Structure formats: C-alpha cells, structure tokens
Amino acid sequence: MRQLTQPAPATVRQLGLVETPRRGPGLSARLVKGMLVLADLVTIVAALAIAQFLAAHTGGRPSPDQAGGTWRLILLSLPVWLAALVKYRTYQARFLAKRTQEFRRIAAASLVGTASLMVIPGVWRFISVQRDFVFYSFLFGVTMLMAERELVRQTFAKARREGRRLRPLLIVGDNAEARELRRMVDKDPSLGYRFVGYIAVDRHVRNAHPEEVLGGLDTVVQTARDNDMASVMIAASAIDVGLTKPLVRQLLKNGIHVELSPTLPDIAVERLTIRPLGRFPVMYLEPFHQSGWRSLAKRGFDLLASGAALTLLALPMVTVAVLLKLDSKGPVFYRQNRVGRDGRLFDVIKFRTMVPNAHALRAELVAQNEADGPLFKIKHDPRVTRMGRLMRKTSIDELPQLWNVLRGEMSLVGPRPALPEEAALWAPELRDRLRVQPGITGMWQVSGRSNTSFEEYSRLDLYYVDNWSLLTDLSIVLKTLPSVLLARGAS
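Residues numbered from 1 in each chain as written. Predicted model: local features only at pLDDT ≥ 70, side-chain atom pairs only at ≥ 80, totals over all residues. Heavy atoms only, no water.

1. A short note on helix α5 (residues 131–161)
With 31 residues, α5 extends 45 Å from end C-alpha to end C-alpha; this agrees with the ideal 45 Å at 1.5 Å per step. Phi for Gly 163, located one or two positions after α5, is positive at around 85°. (Helix = DSSP H or I, 4+ residues; strand = E, 2+ residues; numbered from the N terminus. Expected span 1.5 Å × (residues − 1).)

2. Details of the pairing of strand β2 (residues 193–200)
With six of its eight residues buried, β2 lies for the most part within the structure. Note that strand β1 (residues 167–172) and β2 share six bridges and pair parallel. By the bridge assignment for β2, Val 172 is matched with Ile 199. Taking the sense of rotation as the criterion, the β-α-β connection linking β1, helix α6 (residues 176–187) and β2 turns out right-handed. Sheet topology note: the β2/strand β3 (residues 213–216) ladder contains three bridges and is parallel. Paired with Tyr 198 across the strands is Val 213, a residue of β3. (Buried < 20%, exposed > 50% of the residue type's maximum accessible area, 1.4 Å probe, protein only. Pairing = 2+ DSSP bridges. Right-handed = clockwise from strand over helix to strand, strands pointing away.)

3. Let's talk about the sheet that holds β3
Two strands in a sheet stick together by hydrogen bonds in their backbones, pointing the same way (parallel) or opposite ways (antiparallel). Across the sheet, which stays open at both edges, the five strands sit in the order β3-β2-β1-β4-β5 with parallel pairing between neighbours. Both edges of this open sheet fall to β3 and β5 (257–261), since each of them pairs with a single strand only. When strand polarity is set aside, the average angle formed by the axes of neighbouring strands in this sheet is 30°. Here strand β4 (residues 231–235) pairs with β5 via five bridges, running parallel. Residue Ser 231 lies in a different strand from β5, and its bridge partner there is His 257. (Axes fitted to C-alpha atoms, helices over the stretch in contact; angles between N-to-C directions.)

4. Comments concerning the confidence of the model for the protein
Looking at the protein, the pLDDT average stands at 82 and 85% of residues meet or exceed 70. When pLDDT is averaged over each element of the protein, helix α13 (residues 401–406) comes out on top at 95 and helix α1 (residues 9–14) at the bottom at 35. Segment residues 1–27 is flagged for pLDDT under 50; beyond a separation of four residues in sequence, or across chains, it makes 43 contacts in the model. (pLDDT = per-residue confidence, 0-100. Contact = heavy atoms within 4.5 Å.)

5. Points about the pairing of β4
Within β4, five of the five residues are buried, which leaves the element mostly enclosed by the surrounding structure. Of the two faces of β4, the one holding Ser 231, Met 233 and Ala 235 and the one holding Val 232 and Ile 234 are both buried throughout. Bridge count between β1 and β4: two bridges; the pairing is parallel. Residue pairing in the sheet places Val 172 in a bridge with Ile 234 of β4. Once the chain exits β4 it traverses helix α8 (residues 241–253) before rejoining the sheet at β5, and the crossover so formed is right-handed.

6. Some thoughts on empty space enclosed by the protein
Applying the stated criterion across every chain, the model contains two cavities of 30 Å³ or more. Considered as a void within the structure, the largest cavity measures approximately 50 Å³ in volume. Lining the largest cavity are Val 339, Pro 415, Arg 416, Pro 417, Ala 418, Trp 426, Arg 433, Leu 434, Val 436 and Pro 438. Here the lining of the largest cavity is composed, by residue class, of eight nonpolar, no polar and two charged. (1 Å grid on protein atoms, 1.4 Å probe; cavity = no way out; pocket = protein on both sides within 12 Å on 5 of 7 lines; lining within 4 Å. Points joined across faces, edges and corners; volume = space filled by probe spheres on them. Nonpolar A, V, L, I, M, F, W, Y, C, P; charged D, E, K, R; others polar.)

7. Digging into the pattern of salt bridges
Enumeration according to the criterion identifies 21 salt bridges in this entry. Across the pair Arg 182 and Asp 186 runs a salt bridge whose closest N-O atoms are separated by 2.4 Å. Of the two residues, Arg 182 and Asp 186 are both situated in helix α6; the distance of four residues between them amounts to about one turn of the helix. Judged by its relative accessible area of 42%, Asp 186 falls in the partly exposed class. A salt bridge links Lys 187 to Glu 456; its shortest N-O distance comes to 3.5 Å. Taken as a pair, Lys 187 in helix α6 and Glu 456 in helix α15 (residues 454–467) lie far apart in primary sequence, 269 residues in all. Ionic contacts of the salt-bridge type, sharing partners, join the residues Asp 40, Glu 102, Arg 149 and Arg 153 into one network. (Salt bridge = Lys/Arg side-chain N within 4 Å of Asp/Glu carboxyl O.)

8. Brief notes about a positive patch on the surface
On the surface, a cluster of positive charge is made up of Lys 33, Lys 87, Arg 89 and Arg 94. Structurally, the position occupied by Lys 87 is in helix α3 (residues 64–87). (Patch = residues over 30% accessible without salt bridge, like charges linked within 9 Å, V, L, I, M, F, W, Y side chains within 5 Å. Areas by Shrake-Rupley, 256 points an atom, 1.4 Å probe, with all protein chains shown as cover. Lys, Arg positive; Asp, Glu negative; His and termini not counted. Charge placed at Lys NZ, Arg CZ, Asp CG, Glu CD.)

9. Considering the side chain of Thr 223
Here Thr 223 shows up in helix α7 (residues 220–226). Polar contacts involving the side chain of Thr 223 include one to the main-chain carbonyl oxygen of Thr 219, which spans 2.8 Å. Apart from the residues within four sequence positions on either side, Thr 223 is in contact with Leu 170, Ile 199 and Leu 214. (Polar contact = N/O pair within 3.5 Å; in protein donor to acceptor, adjacent residues only side chain to side chain.)

10. As for unusual backbone geometry
Here Arg 89, not a glycine, exhibits a phi torsion of approximately 55°, which is positive. Relative to the helices and strands, Arg 89 resides in the loop between α3 and α4 (99–124). Assessed through its relative accessible area of 38%, Arg 89 is described here as partly exposed. Phi at Ser 395 is positive, roughly 65°, even though this residue is not glycine. Among the structural elements, Ser 395 can be located in the loop between α12 (386–394) and α13. Judged by relative accessible area, Ser 395 falls into the buried class, the value being 14%.

11. What about the packing of aromatic side chains?
In this structure the tally under the stated criterion is four aromatic pairs. An angle of 15° between the planes, with centres 5.4 Å apart, marks the rings of Phe 333 and Phe 351 as stacked. With Phe 333 in strand β8 (residues 333–339) and Phe 351 in strand β9 (residues 345–351), the pair connects residues that are 18 residues apart, well separated along the chain. Among the residues examined, Phe 333 registers a relative accessible area of 41% and is labelled partly exposed. When the ring centre of Tyr 193 is taken as reference, the NZ or CZ atom of Arg 167 above it lies at 4.7 Å. (Phe/Tyr/Trp six-rings, centres within 6.5 Å; stacked < 30°, edge-to-face > 60°. Lys NZ or Arg CZ within 6 Å of the ring centre and 35° of its normal.)

12. Thoughts on the side chain of Gln 437
Residue position: Gln 437 is located in the loop between α14 (420–423) and β11 (439–441). Its relative accessible area of 18% is what places Gln 437 among the buried residues. Among the polar contacts made by the side chain of Gln 437, one reaches the main-chain carbonyl oxygen of Gly 408 at a distance of 2.7 Å. Sequence-distant contacts of Gln 437, defined by excluding residues within four places in its chain, comprise Arg 341, Gly 408, Glu 409, Met 410, Ser 411, Val 413, Gly 414 and Pro 415.

Take a look at the structure:
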C-alpha cells in the first residue's frame, strides 16, 4: 500500500487528496442553528421578564421610568447573553453530547449574561438594579434555557429515531473496535449517525462483509466526498500510529472533521483528562472510589428519599395490601434471598405478584424462558396473578424494597439484586457489580428494563459500577419516573 506521507503528485490529484476550500454547513444546518439562536433569545427575554415581574412584587413596584429602564437593560444585555452562549460552544453539537455538559455550559453563559445586568448600568448609569432582579435572572435564565434545550434535544431524538437528521458515518478500520462502533450507532439512532461503510486499513485482510468496505486509506478523502460526509471516525486500534498522523492531516486539510475513538469503551467522559506527554496527548484516568464523603452522601440521599417515599406512600401501600388479600390467597409480601454488596445475602421484600408456590413451578417453565444468560423471564408468565400483572406493569410491587433501602441492604440506585443461582453463573468480571449496593432502579431499568438482553444488562451494570457518581444516581432516578409511568419495558 502506498504511504500517505509522500504520494506521487499525479496520484495525489487522481485520488482526491488535493487541498480544497472547506465547505461550510448546508442551508438546512444553518437554518436549524438560526432557529435555535432565535429560540434562545426568546427564552432569555421571557426569563428576564419573569425576573422583572417577581423583583417588582418582592421589592416594591417600580415607577414607569424604572420599568422602562429595566426593559432597556434587558435589550442591551441580549448581545452579551448570545455572545456568551457562542463563547461556551452551546451551538456546537459535539460539545453537548451529554446533558451534564450542556448544563455546565448553559450555566456558565447565564452567569456571564447575568453579570452584564450589573455591569451595563454601571457604565451608562440609567437605572439602579435590584439584587432580586439579578438573582431571579440567573435562576430563570438557567432553568428556562435548559428546559428549552431539553425540548430541542427531544425533538432531535424523535427525528433521529424516525431516521431523519442522521449524519452519514464512515469508519476507518475494519477490526473488532470498528464493528462495535458500527453496532452501537445502528442500535441507537439518537446518537445521530447513519453507518455508510468501512475504510479498510489493510486490503489484504479478508473482511466478513466486503460489500461494506468502500475503499482503502488512499481513497478515504474521495470516499468521504462521494458520500457527502463532513466527518470521519477512526477506530484507533485498527490503524498503526505511523499512518494515523498523515491520515488525519489529509482529512483536516480537505475540510473533513475527524473523530478518534480512544479504545476505552464504557468509561464516562467526565473521568477522562487529556494532558500532554511530549508529542503525545495522553488520557489520564484516576481510580474509582465509592468511599468517604461520596459514600456518606449516597447513604444520606437513600435515607432521606426512601424515608420520605415510605411516609407519602404508606396509605397507598396499605390499600395495595388489602386488594392483594381480596384478589388471591397467600401472603401480602414476598421475600426472596438475593446477593448484596460484597456477596452478602439478604431477603428482598416485594408485594407478592405470583401464586404462593411460584418458585416450585419454575422448573416446569424452564423451556418457556425468553431471557438469555442466567436470567429467567416469561412475558405471559402463568404464575402471575391478576393483581400481580397490574403491579408489575406499574412497578408497584417494588415499593416494599424501600424498607430494604432504609435497612442499608439496598440503595435507591444500583445493579439489580441477583438470585444466588444467577450469580453462580456469572463470568468473573461480572462479579465486580458486587462492589456496590444493589438498587431498586438502575441503568438497565431506564434503558429497556425487561427488554434488555443479558449482555447489555451486564454492560450497563458494570458501566454504573465503574463510573458511579451522585449526579448519575439523580439522573437515573429522574429517568425512572417516566419509564415507570409509561410502563416502558415492564412485564
């Protein structure tokens, strides 16, 4: 294969490796960005108007001159808000992949915009600013901008699930990492990509799907152009370091953005720090610790939330217990041995949803098991009672586990508490999930619940264990509510 570092002049032009002017975004992309800017400005004006209204009613009604001065201040501050949103890259999708990233950038931009409400009057001296107005401006600015951006995020996610607004994806590499990248974007359209094909690093290697290989390293630029691609993704483990730099240089010279996978799947971006080591950018990753103040904060959150939930839900839970007694014979609660943190066994408590001898009947239903791996799941399980079917659909049967949380045997968020016979069949790496408390809800529940395969279920549990944070717990709790209310993946 010809090296990209010193190609012959005639071949360079023939293969399309000639530097050309960078193409700007299409009309559609510009229109979308313009609409987003307009939506942000409308949201900021609305937020500041609410701030003015609240400040006027808490600090005394302003005179007409003061009210007019406030509106002039609002209008003069709009360019500052917009400049701050641009400065913190809130209009570049690659910096907003996660909600936490977007929130931090929106908060920083709102802080700058709010500061302008104090600086501008100091320069022109046409109005005195109330502290309440400044406080409310920041509060409602952040809140309403995030609400607006969440609406935009959901709109884009819906469009992508329907196959619209997807960017064509060309992956450089045809090894296991490249195939995993392809599988991921195929499975989750909300990531925003539509796989087009691979670029083979070594054409002498036989590929399992040769029809998906669109060319080699010497034709990558032309292939990207032919498929109207603004960016190319490189599977780092698929290409030798000596070829990576000239390849990246050629792509960038031709106006094509480059995305480089770091060969570190299932590591949260927040845990990675890029630092220089000579000529190499090195990714630093510190060990995970769920101890000290983090452990205390998680336990405090569990105690506060579970205690409040049990207090608020006491009467509904008593009602459920009475209905259970009326619906079928047997105890109200079902206790079952589960594996907890560090392999300690405990009894999980749930509302009974099956006939009393359900566990004994399981052996007769093994052939009907619809789950893979060591899990056992039947969509229309004949052992489930009429009341139990409703409770499972709404996840009401899980409520007594709040008592397990109070006792310190479980957490609100964590891996699903497994049966001892399931844990006995785990691969050695899956035992790492026992490093944390099992939870009532977790990543697998908000990512499909009973529809999730065992492989995906295991991956999500290990991702949680490796990347746990209080913000992750809060995010999962918030995502659990719509999953439960809409009965997504429940059975």
